[in-house]
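Examining the three-dimensional arrangement
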Number of protein chains: 2
Amino acid sequence: MEQKIFQEFLGERGLKLTKERAAVLREVFSFHGHFEPEHLYFRIRGSGSKASRASVYRTLSLLVESGLVEKVTRTDRGNVYEHTYGHRHHDHMICDACGGIIEFYSEKLESLQAEICEQNSFSGSSHTLEIRGRCETCQGKGLEDR
Amino acid sequence: MEQKIFQEFLGERGLKLTKERAAVLREVFSFHGHFEPEHLYFRIRGSGSKASRASVYRTLSLLVESGLVEKVTRTDRGNVYEHTYGHRHHDHMICDACGGIIEFYSEKLESLQAEICEQNSFSGSSHTLEIRGRCETCQGKGLEDR
DNA sequence: CATTCAATTGAAACTTAATCTCAATTTCAG
DNA sequence: CTGAAATTGAGATTAAGTTTCAATTGAATG
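These lines cover the structure that appears in this document, whether it is placed above or below.

**Focus on the protein's contact with DNA strand C**
- Around DNA strand C sit 21 residues in total, of which Arg77 of chain A together with Lys16, Thr18, Arg21 and Ser55 of chain B are the nearest.
- Taking all atoms of DNA strand C within 4 Å of the protein, the share assigned to sugar and phosphate is 77%.
- The side chain of Glu20 of chain B places a nitrogen or oxygen atom 3.4 Å from a sugar or linking oxygen of DNA strand C.
- Mapped onto the surface near DNA strand C, the elements with two or more residues apiece are helix H4 (53-66) and strand E3 (78-83) of chain A together with helix H2 (19-28) and helix H4 (53-66) of chain B.
- When grouped by side-chain class, the residues that make up the surface near DNA strand C number 6 nonpolar, 6 polar and 9 charged.

**Quick look at the pairing of strand E4 (residues 91-95) of chain B**
Residues and elements named next belong to chain B.
- Most of E4 sits out of view: 5 of its 5 residues are buried.
- Burial of E4 is two-sided: the residues Asp91, Met93 and Cys95 facing one way and the residues His92 and Ile94 facing the other way are all buried.
- In this structure, E4 lies alongside strand E5 (residues 101-104), joined through 4 bridges in antiparallel fashion. Note on E5: the bridge partner recorded for Asp91 is Phe104.
- Here E4 folds back onto E5 in antiparallel fashion, the turn holding 5 residues, of which Gly99 has a positive phi close to 80 degrees.
- For E4 and strand E6 (residues 123-134), the ladder comprises 4 bridges, and the chain directions are parallel. Its bridge partner being in E6, Met93 is matched across the sheet by Ile131.

**A look at the packing of aromatic side chains**
- For the structure shown, the criterion picks out 8 aromatic pairs over all chains.
- Measuring from ring centre to ring centre gives 6.0 Å for Phe35 of chain A and Tyr81 of chain A, while their planes differ by 20 degrees; the resulting arrangement is stacked. Of this pair, Phe35 of chain A sits in strand E1 (residues 34-35) while Tyr81 of chain A is found in strand E3, placing the two residues 46 residues apart along the sequence. Neither Phe35 of chain A nor Tyr81 of chain A differs from the other in exposure class; each is buried.
- An angle of 10 degrees between the planes, with centres 6.3 Å apart, marks the rings of Phe6 of chain B and Phe9 of chain B as stacked. Highlighted residues: Phe6 of chain B and Phe9 of chain B, both in helix H1 (residues 2-12), separated by 3 residues, approximately one helical turn. Of the two residues, Phe6 of chain B and Phe9 of chain B, both sit in the buried class.
- Aromatic ring contacts, followed pair by pair, group Phe31, Phe35 and Tyr81 of chain A into a single cluster.
- Against the face of Phe31 of chain A rests Arg43 of chain A, its NZ or CZ located 4.0 Å from the ring centre.

About the cut-offs
- Residues numbered from 1 in each chain as written.
- Chains lettered and ligands numbered in written order.
- Predicted model: local features only at pLDDT ≥ 70, side-chain atom pairs only at ≥ 80, totals over all residues.
- Heavy atoms only, no water.
- Near = heavy atom within 4 Å.
- Polar contact = N/O pair within 3.5 Å; in protein donor to acceptor, adjacent residues only side chain to side chain.
- Helix = DSSP H or I, 4+ residues; strand = E, 2+ residues; numbered from the N terminus.
- Nonpolar A, V, L, I, M, F, W, Y, C, P; charged D, E, K, R; others polar.
- Buried < 20%, exposed > 50% of the residue type's maximum accessible area, 1.4 Å probe, protein only.
- Pairing = 2+ DSSP bridges.
- Phe/Tyr/Trp six-rings, centres within 6.5 Å; stacked < 30°, edge-to-face > 60°.
- Lys NZ or Arg CZ within 6 Å of the ring centre and 35° of its normal.

Here it is in structure tokens:
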């Protein structure tokens, strides 16, 4: 299904669904969760398929443009992505101690975005709310920030 | 005033308020708005003071730790900061067309953060809400995303 | 004032993610 | 098939940010 969508997206731009792009797409959708480009690159190598680092990055950009994948956040070490097709929009809480990412969804937040945009004559298309702090297991342990 | 706070912060750690650190501090608080480290570095050079790139980055980290400065967002080209002392917390809307940043504050959002954290047993210390879209002047102009 | 020693600095080397280059290869419409 | 256009990968490049380390500074002490 996601392949069909991606193929259509590529078609509209006169681009082709090559082996490499298909490999990246397959790998991205082979699991649920967050990933970094480098991590993805190694997963692909380890899965029999092949695609250079350059192709991984290039395809990732296309996937984001197509709406199948989203950039979750930027860390000091690079970007974190997740596939969004088939998943409802959600936001994230990030633990400063262990780096863990917790997903949450809030209907109130969605309507609040609309309200805030209206007040500022802004035409909002998306938002990212990132809450930082300590997750349940890291609380009260005196751990350093990462 | 901010110098006093910074000095106290440094004192607690056995660090000194050197010429270079003072220059960075002064420059950061000499204007209101967002800035990038590189930009700050050149402002300092142009203002008679001096501080190496390394010192600028090092001091910026200290300022963030002291709470006087906050990292606003990460762009593809680096981090964006702003001084927060004397300013109430706020969030940002970023125009995809012109890159402009609009600040806003929402009481509802603040209480919503508390509510969401509670629901997830997360101990939240801060949040960043970034709304992306088109600002008033860029709407309906068919401009490309940056 | 001299001494001392940890803190600090700056220039340059380094790191790392990400992008770009370009010759070689693949794809596909005709 | 054939040729134009798209694509690829290896490696070079870029740029933000960090680290290294020898030289300098400066506060405290004798």
